[in-house]
Amino acid sequence: MSDASRAVVLREFHSPLVLERAEVPEPEPGAVVARVSYGGVCGTDIHLHHGHLPMPTPVVLGHEAVGRVWRLGEGVGADLLGAPLREGDWIAWASSIPCGRCYWCLVEGERTLCEQRRVYGINQRFDDWPHLSGGWADFIYLQPGTAIVRLPEGVTPEQVISLGCAGPTVVHGVLHIAEVRFGDVVIVQGSGPVGMAAAMYSRLSGASKVILVGGPQNRLELASELGVADVYVDIFETTDPEERVQRVLGETERGRGADLVIECTGAPDSVVEGMEMTRRNGRYLVLGQYTDRGAVPINPHVITRKQLTVLGSWAFAEAHHVEYIQSLPHLSRWFDLPRLLTPYPLEDANRALADVEAGRVMKAVLATG
Ligand SMILES: [Zn+2]
Ligand SMILES: [Zn+2]
């Protein structure tokens, strides 16, 4: 007899998510069925729910998750790094499968830019086989080609899900594209999971000072308890953007601005402000604008006059996910990652989504037990 799985399904934008049931398929050769322990709720899920990103429906949401091997398909004996895989092993997986054949995959070597990427929890329809293609469920079907990593000794599932997709997103953008240099003064705009991760990785990469600009206060307090930054600036306290820029510049040497400013807000306005916080000849990374929230007026003279390097970074590829998992023992020595988490039962997915949208929690996760 086959197993059944509950799954949180997005049927219509703006409407409440629905808890449904589906049969757990047997894995085809090369596939793995995982028993999900935690499915993370990401800011992107809010935007998906509002229909801000083109996607099909119905879809089982959840592009970040961690769990254990339930069934191994024929021919799957090891993870991406060669570690043997057995039923019951703790695993994590990259959220997307690039096609591996297109111009972007092969010529540019930028697998995140692949236009045929299959993404769990975003573009795999619930009414198409194998149905269970999202992390907000008891089980997920990991298609052949999924980059699966067995959790290293000592790494807990709570650590893995604590930053969710923000972890590998920051590995890609901050470590590989913006490349924090030893001694850099870094400003991070935004204090959600992406901002937290950006501050943590900057600090461990040798930043001499990290200034976190964000809010609301509960998030900054948690950030401060974890010690991710040196200075915390509450955007709800200093609400005037110009005043805020001056306040932040005052924290940099001779008011010159930061060597690197990392945008992790998702709010288009913050890009204008962030460029003002960057020093002349500095780098500005736009990392948080994953969904399209419209245009803002930008004065391009600022880029020329300050000789700015403006960078973008889109999502993450398999290698960044592996690097995130492998960095967890080190990251965990410095930061108590599971403190970021607020667990909810699967049937409370709508409440979890609302709490994330209101900024009431840092990192909501659906715990399936
Ligand atoms: Zn995400
Ligand atoms: Zn491709």
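Quick caveat, the model's predicted, so the values are computed rather than measured. (Residues numbered from 1 in each chain as written. Chains lettered and ligands numbered in written order. Predicted model: local features only at pLDDT ≥ 70, side-chain atom pairs only at ≥ 80, totals over all residues. Heavy atoms only, no water.)

Core analysis: the largest hydrophobic core is formed by 48 residues, its most contacted members being Val188, Met200, Val228 and Ile262. When residues of this core are traced back to their parent elements, those giving at least two are helix H3 (157–163), helix H4 (166–178), strand E11 (185–189), helix H5 (193–204), strand E12 (209–214), helix H6 (217–226), strand E14 (258–263) and helix H10 (318–334). The dominant element in this core, judged by the number of residues it contributes, is H5, at 6 residues. Excluding its chain neighbours within four sequence positions, the residues that come into contact with Val188 are Gly195, Ala198, Ala199, Val210, Ile211, Leu212, Val213, Ile262 and Cys264. (Core = buried A, V, L, I, M, F, W, Y, C linked by side-chain atoms within 4.5 Å. Buried < 20%, exposed > 50% of the residue type's maximum accessible area, 1.4 Å probe, protein only. Helix = DSSP H or I, 4+ residues; strand = E, 2+ residues; numbered from the N terminus. Contact = heavy atoms within 4.5 Å.)

The next thing to look at is the coordination of the zinc ion (ligand 1). On the protein side, the zinc ion (ligand 1) has Cys42 (SG), His63 (NE2) and Cys165 (SG) as donor atoms, found 2.0 to 2.2 Å from it. The sequence pattern describing where the donors of the zinc ion (ligand 1) fall on their chain is C-x20-H-x101-C. Here the residue Cys42 occupies a position in the loop between strand E3 (32–40) and helix H1 (43–49), and His63 occupies one in the loop between strand E4 (59–60) and strand E5 (65–72), the gap between them amounting to 21 residues. In this structure, Cys42 and His63 share a single accessibility class: buried. (Donors = N, O, S within 2.8 Å, 3.2 Å for Na, K, Ca; no water.)

Within the first shell, the zinc ion (ligand 2) binds the protein through Cys99 (SG), Cys102 (SG), Cys105 (SG) and Cys114 (SG), at distances of 2.3 to 2.4 Å. Here the zinc ion (ligand 2) is ringed by 4 donor atoms whose angles at the metal span 105 to 117°, and the overall shape comes out tetrahedral. (Tetrahedral: all angles 85-135°; square planar, octahedral: opposite > 155°, others 65-115°.)

Glancing now at H6. Taken together, the buried positions of H6 are occupied by Arg219, Leu220, Leu222, Ala223 and Leu226. Buried residues of H6, viewed axially, fall in a sector of 160°; they line one side. In the core, the buried residues of H6 are packed alongside H5, E12, strand E13 (231–234), H10 and helix H11 (349–357). (Arc of directions from axis to C-beta.)

Our next topic: the domain arrangement of the chain. The domain boundaries assigned to the chain delineate domain 1 (4–163 + 316–367) and domain 2 (166–312). The gap between the C-alpha centroids of domain 1 and domain 2 is 27 Å. Each partner contributes to the interface: domain 1 provides 29 residues, whereas domain 2 provides 29 residues. With both sides pooled, the region where domain 1 packs onto domain 2 buries about 2,500 Å², and carbon together with sulfur makes up 68% of that total. (Domains from an automatic or database assignment. Buried area = accessible area lost by both parts, 1.4 Å probe.)

Further remarks concern the pattern of salt bridges. Here the structure, examined in full by the defined rule, presents 18 salt bridges. Two residues, Glu87 and Arg71, come together in a salt bridge whose shortest N-O distance is 3.9 Å. Here Arg71 lies in strand E5 and Glu87 lies in the loop between E5 and strand E6 (90–93), a separation of 16 residues in the sequence. Look at Arg71 and you get partly exposed, because its relative accessible area is 29%. For the salt bridge of Glu225 with Arg339, the shortest nitrogen-to-oxygen distance reads 2.4 Å. Linking Glu225 in helix H6 with Arg339 in the loop between H10 and strand E17 (341–345), this pair joins segments that are 114 residues apart in sequence. What makes Arg339 partly exposed here is its relative accessible area of 40%. Residues participating in the shared-partner salt-bridge network are Arg6, Arg35, Asp138 and Glu347. (Salt bridge = Lys/Arg side-chain N within 4 Å of Asp/Glu carboxyl O.)

This part takes up a negative patch on the surface. Among the surface-exposed residues, Asp240, Glu242, Glu243 and Glu276 lie close enough to one another that they form a single negatively charged patch. Note that Glu243 resides in helix H7 (residues 241–249). Taking relative accessible area as the criterion, Glu243 reaches 48% and is therefore assigned partly exposed. (Patch = residues over 30% accessible without salt bridge, like charges linked within 9 Å, V, L, I, M, F, W, Y side chains within 5 Å. Areas by Shrake-Rupley, 256 points an atom, 1.4 Å probe, with all protein chains shown as cover. Lys, Arg positive; Asp, Glu negative; His and termini not counted. Charge placed at Lys NZ, Arg CZ, Asp CG, Glu CD.)

So, about the packing of H4 against H10. Between H4 and H10, whose axes approach to 8 Å, the crossing angle comes to 100°. On the basis of the axis angle, H4 is roughly perpendicular to H10. Across from Gly167, Pro168, Val171, His172, Leu175 and His176 in H4, the residues of H10 making contact are His320, His321, Glu323 and Tyr324. Each residue belonging to the contact of H4 with H10 can be placed in one class, and the counts come to 4 nonpolar, 5 polar and 1 charged. (Axes fitted to C-alpha atoms, helices over the stretch in contact; angles between N-to-C directions. Parallel < 35°, antiparallel > 145°, perpendicular 65-115°, else oblique. Nonpolar A, V, L, I, M, F, W, Y, C, P; charged D, E, K, R; others polar.)

So, on to a nonpolar patch on the surface. Judged by side-chain polarity, Tyr103, Trp104, Leu106, Val107, Leu113 and Trp314 come together as a nonpolar surface patch covering roughly 580 Å² of accessible area. Looking at where Tyr103 falls in the secondary structure, it is placed in helix H2 (residues 103–106).

For the rest of this paragraph, the subject is the packing of aromatic side chains. Evaluated as defined, the whole model comprises 4 aromatic pairs. Considering the side-chain rings of Trp129 and Tyr141, the 5.1 Å spacing of their centres and the 65° angle between planes classify their relative orientation as edge-to-face. With a gap of 12 residues between them, Trp129 in the loop between strand E8 (118–119) and strand E9 (139–142) and Tyr141 in strand E9 connect regions that are remote in the sequence. Its relative accessible area of 1% is what places Tyr141 among the buried residues. Ring centres of Tyr290 and Trp314 lie 4.3 Å apart, and the angle between their planes is 10°; on these two criteria the pair is classed as stacked. Placement of the pair is Tyr290 in the loop between strand E15 (278–286) and helix H9 (301–305) and Trp314 in the loop between strand E16 (309–312) and H10, with a sequence separation of 24 residues. Judged by relative accessible area, which is 32%, Trp314 ranks as partly exposed. The ring of Phe139 carries Arg35 above its face, with NZ or CZ at 5.3 Å from the centroid. (Phe/Tyr/Trp six-rings, centres within 6.5 Å; stacked < 30°, edge-to-face > 60°. Lys NZ or Arg CZ within 6 Å of the ring centre and 35° of its normal.)

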